Amino acid sequence: MRKNSGRPGQSRRQVLGELLAGTAIGLVLSSSSVRARIIAGALPWAPGAGSAPTPVQPGAWQYFTPEEASAVEAIVDRLIPPDPQTPGGKDVGCAVFIDRQLAGPYGSAQGLYMRPPFMDGTAQQGAQSPLTPAQRYRQALAELDKYCRDAYVGKSFAELTDDQKDKVLGALENGPITFEGSSATAFFQQVLTNTREGFFADPVYGGNRDMAAWKMIGFPGARYDYRDWIERHNEPYPLPPVGIVGKPA
Amino acid sequence: MARTLPATDVVIIGLGWTGSILAQELTGAGLNVVAIERGPWRDTSTDFPTTYAQDELRYHIHHDLFLRPAQQTQTFRNNPSQTALPIRTWGSFMPPNGVGGGGVHWNGQTWRFLPSDFQLKTHLTQRYGAKFLPPDMTIQDWGVSYDDLEPYYDKFEYLCGTSGKAGNIKGQKQAGGNPFEGPRSRDYPTPPQKQPYAPTLFAQAATELGYSPFPQPSGNLSQAYTNPYGVKLGPCTFCGFCEWFGCGNYSKASPQTTILPALVRRSNFEARTECEVTRINLDDSGKRATGVTYVDASGEEWEQPAQLVLLCAFQLFNVHLLLLSGIGKPYDPSLGEGVIGRNYSYQVTSGVNAFFDDKNFNPFVASGAIGMVIDDFNGDNFDHGPQGFVGGGYIAAAQTNGRPILGTLTPKGTPKWGAAWKEAVAKNYLSSYSAATHGSCYSYRGAYLDLDPTYTDPLGRKLMRITFDFNQNELKMSQFLTDRLADIVQKMGPRQLEKSPRTGPYDISIYQTTHTCGGAIMGSDPKTSALNRYLQNWDVPNLFVMGASAFPQNAGYNPTGTVGALAYWAADAIINQYLKSPGPLVHV
């Protein structure tokens, strides 16, 4: 995902350096130029200059180790289990979604305020952890693996029965499981949040495969124009969902 | 060492709603204007095209259009006994960034405040007596009246093409509009938006209960419109991606859709983006601004001299820049003295979730400001005597979106994951509905802004510190408004209804609204206000400060209509009074 600076369309930009020579404002400076984008005279519009999202490609894990990936696939498939109508978190790609997110700007907490000192505050002061999301996953998944192998005679999370997995997840959510060096509850909340994001986000990000989650609830996705339905009160919307890559389900 | 650029007539800090309005008006008056904006330039076709603007993950979850906290944030504490800690990721409010500012990603609710809101202290004291107000409440009159501002509200609404129905034209009540509103000189420029199912049912229920529902005034247009600057907007398509998103249809009023295409053609205007103003410079007397210093994208420092400095950033950043520039006396809560940082306020929102068996609301057929509203419990539209609090808010059945990551409702008691969660989401998505109250937030001696002693930004400047909590008066109000809302929603026939009145303490990590207010307030007394009634700084007369930082307290409405009206009011004062005789416009 793009950042706020370094955007496409930069070729159209005039920097003040150019203005120093051409000069709309009659500069007398001879030193090096201001690195700014100057807009004057016309909208700086350029054809095709947007920044569409890059579709996630299937293939090797980009952040997770194979062991981490199988644990996460097992987790997302219990958070959102398959049923006869709708596939579960694993098959719709939630683990792939999380892997790509952690490999990107989200995983490294890019853009967030990460300056020290880090101090614990009140619940009302918001998260204060120095861990990036990617670091939290790595630490917590190692702790989870340790816990499972201790509690279930050498088995990893992915090797547990569904009932055992649910029991472990419940104990992460509400206690009593605790991790060394990071919060088990905070990890649970993070993985639950990310799983839901993967389930419901546009399929371009690797989850919500075949728009399964949107079909499940009746959300038409990226259609963007419902003028014909605004006054069709209490009537089901007839069209299937579309994604931002344009493909109908 | 900053290098000095050639002087300009006017330098504008921040090119959002107020900066764009001031730039358009002052270039129209023949002045040379340079606008300096911290964020990027943004255009509809480039930055929020209809092919991918509707991306919940990118724009809502990952805050793509907002300022990055890494660049600038604030610290927060509920009270002075706590150590303020930095807001590391945005939560309670979403500071804007880039050309267009919050106008790019607002919902479009375009309200006027009530006439009594502008004389709040006087009005409430006269009606209920001074002892009715909490002793630490620091509400003030604005120094400007509704009648003063009416022509400028009108100007802002006709700029935006606002879709609505007047309730009071020159004192004549109009059926179907808001019977409580102040008199307006004419109707809205475009008719109200069409309403989806839930707001229609809400309006029926409210009418049956004896209330006066009306369509919410909307900056998402009901039809195509050409504004007085010749800029054209298209009709809203009810796409359901309004707040947090840019509009791909040119149908949400924003600087991009109402001003910039005309402004940018003027040879006496120039925007300099991706440049961060670090301070407003003063001469040796401290009574005159000489211009601004800013840092460009490569970290180089420049000084832009100007005759007139207009501070037009978002509310928090206006106050921050005044504190960093040493303009005005910083507020000291222990003494109740000083003006910069004084009377920080917010907005008190609450909601009701309702779950139905026999209804399909199609929640994705939505716009940011669609909906039916009652104003019976806003401001002082009802007798507060028996209630034991002051203030109020509008009660609304909006339909802003059906986005699934954050917009799926499940009844209380539903597990947060697993088969039961999945089943509940699938069952309730189309048939659940959430209605809201939008309440005032009055100001208090202990709610203020100052510089943090510990945390800094990448340029080494101290972050601003927010000390704020909700007070009992506001929490009582929220309980009352939420109960009234629930009465109406109950009449819509849900199988289950859940009330969520606002409760304390204030939580900086949970999104409520971006309506942060105050800190550089307007008023009649330089001892208790930073700005005079024309938004001119009392100490530095060639500095004007726009925006909700001027609100002495917040009313029970979204602030943008009033922010826009104040910008036009100030522009008029600058052009017709200040330029003729530069100096203080109010003498005390």
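Rules behind the numbers
- Residues numbered from 1 in each chain as written.
- Chains lettered and ligands numbered in written order.
- Predicted model: local features only at pLDDT ≥ 70, side-chain atom pairs only at ≥ 80, totals over all residues.
- Heavy atoms only, no water.
- Axes fitted to C-alpha atoms, helices over the stretch in contact; angles between N-to-C directions.
- Helix = DSSP H or I, 4+ residues; strand = E, 2+ residues; numbered from the N terminus.
- Parallel < 35°, antiparallel > 145°, perpendicular 65-115°, else oblique.
- Contact = heavy atoms within 4.5 Å.
- Nonpolar A, V, L, I, M, F, W, Y, C, P; charged D, E, K, R; others polar.
- Buried < 20%, exposed > 50% of the residue type's maximum accessible area, 1.4 Å probe, protein only.
- Pairing = 2+ DSSP bridges.
- Core = buried A, V, L, I, M, F, W, Y, C linked by side-chain atoms within 4.5 Å.
- Polar contact = N/O pair within 3.5 Å; in protein donor to acceptor, adjacent residues only side chain to side chain.
- Arc of directions from axis to C-beta.
- Buried area = accessible area lost by both parts, 1.4 Å probe.
- Salt bridge = Lys/Arg side-chain N within 4 Å of Asp/Glu carboxyl O.

**Remarks on the packing of helix α2 (residues 66-79) of chain A against helix α4 (residues 133-151) of chain A**
Residues and elements named next belong to chain A.
Working step 1: In contact at an axis separation of 11 Å, α2 and α4 are set at 80° when each is read in the N-to-C sense. If you check the angle between α2 and α4, you find them roughly perpendicular. When α2 is examined against α4, the residues Glu68, Ala71, Val72 and Ile75 are found in contact with a partner set consisting of Arg138, Leu141 and Leu144.
Working step 2: Looking at the contact of α2 with α4, its residues break down into five nonpolar, no polar and two charged.

**Digging into the pairing of strand β14 (residues 301-311) of chain B**
All names here are of chain B.
Working step 1: Here β14 lies mainly inside the structure; eight of its 11 residues are buried.
Working step 2: Relative to β14, strand β1 (residues 3-4) runs parallel, the two sharing two bridges. Opposite Arg3, over in β14, you have Trp302 as the bridge partner.
Working step 3: Where strand β13 (residues 289-295) and β14 come together, five bridges link them in antiparallel fashion. The partner of Thr293 across the bridge, within β14, is Glu303.
Working step 4: Here β13 folds back onto β14 in antiparallel fashion, the turn holding five residues, of which Gly299 has a positive phi close to 90°.

**Considerations on the nonpolar core**
Considering soluble globular proteins, one finds that nonpolar side chains tend to be buried as a cluster.
Residues and elements named next belong to chain B.
Working step 1: Ranked by size, the top nonpolar core spans 229 residues in total, and within it Phe93, Ile280 and Leu310 carry the most contacts.
Working step 2: Sorting elements by how many residues they give to this core places helix α15 (residues 560-578) first, with 11 residues.
Working step 3: Aside from chain neighbours lying at most four places away, what touches Ile280 is Ile13, Ala289, Gly291, Val292, Val309, Leu311, Leu321, Ser325, Ile327 and Leu543.
Working step 4: By size, the runner-up hydrophobic cluster in this structure holds nine residues, among which are Tyr128, Leu133, Ile139 and Tyr442.

**What about the side chain of B:Asn343?**
All names here are of chain B.
Working step 1: Topologically, Asn343 is positioned in strand β15 (residues 342-345).
Working step 2: A polar contact of 3.0 Å, which involves the side chain of Asn343, links it to the backbone oxygen of Pro552.
Working step 3: Dropping the residues within four chain positions of it, Asn343 is found in contact with Thr138, Gln140, Ser443, Ala447, Cys517, Gly518, Gly519, Ile521, Phe551 and Pro552.

**Some thoughts on helix α6 (residues 120-128) of chain B**
Residues and elements named next belong to chain B.
Working step 1: Considered for burial, the residues of α6 that qualify are Leu120, Leu124 and Tyr128. Projected down its long axis, α6 shows its buried positions confined to an angular sector of 20°, all on one face.
Working step 2: In the core, the buried residues of α6 are packed alongside α5 (115-118).
Working step 3: Residue Gly129 follows α6 closely and has a positive phi angle near 90°.

**Considering the interface of chain A and chain B**
Working step 1: Each partner contributes to the interface: chain A provides 98 residues, whereas chain B provides 103 residues.
Working step 2: Carbon and sulfur atoms supply 60% of the area that chain A and chain B bury against each other, a total of about 8,200 Å² over both sides.
Working step 3: Counting the contacts that link chain A with chain B gives one salt bridge.
Working step 4: Close ionic contact of B:Lys422 with A:Asp83 constitutes a salt bridge, the shortest N to O distance being 3.1 Å.

**Quick look at the sheet that holds strand β22 (residues 496-500) of chain B**
Residues and elements named next belong to chain B.
Working step 1: Spatially, the six strands line up as an open sheet ordered β8-β17-β18-β19-β16-β22, and their pairing is antiparallel. Two strands bound the open sheet, and with one partner strand each, they are β8 (214-215) and β22.
Working step 2: Here strand β18 (residues 393-398) runs beside strand β19 (residues 432-439); their pairing, made up of four bridges, is antiparallel. Across the sheet, the residue bridging to Gly393 is Gly439, located in β19.
Working step 3: The sheet contacts of helix α14 (residues 472-491) involve β16 (348-355), β17 (371-374), β18, β19 and β22, and relative to β16 the element is tilted by about 25°.

**What to know about unusual backbone geometry**
Working step 1: Of note, the amide linkage connecting A:Pro116 to A:Pro117 takes the cis form, showing an omega dihedral of 0°.
Working step 2: By secondary structure assignment, the location of A:Pro117 is in the loop between α3 (94-103) and α4.
Working step 3: A cis amide bond links A:Gly175 with the next residue in sequence, A:Pro176, at an omega value of 10°.
Working step 4: The residue A:Pro176 is located in the loop between α5 (162-174) and α6 (184-200) in this model.
Working step 5: The phi torsion at B:Tyr250 lies on the positive side, around 55°, for a residue other than glycine.
Working step 6: Relative to the helices and strands, B:Tyr250 resides in the loop between β10 (232-233) and α9 (255-258).
Working step 7: A relative accessible area of 37% means that B:Tyr250 is categorised as partly exposed.

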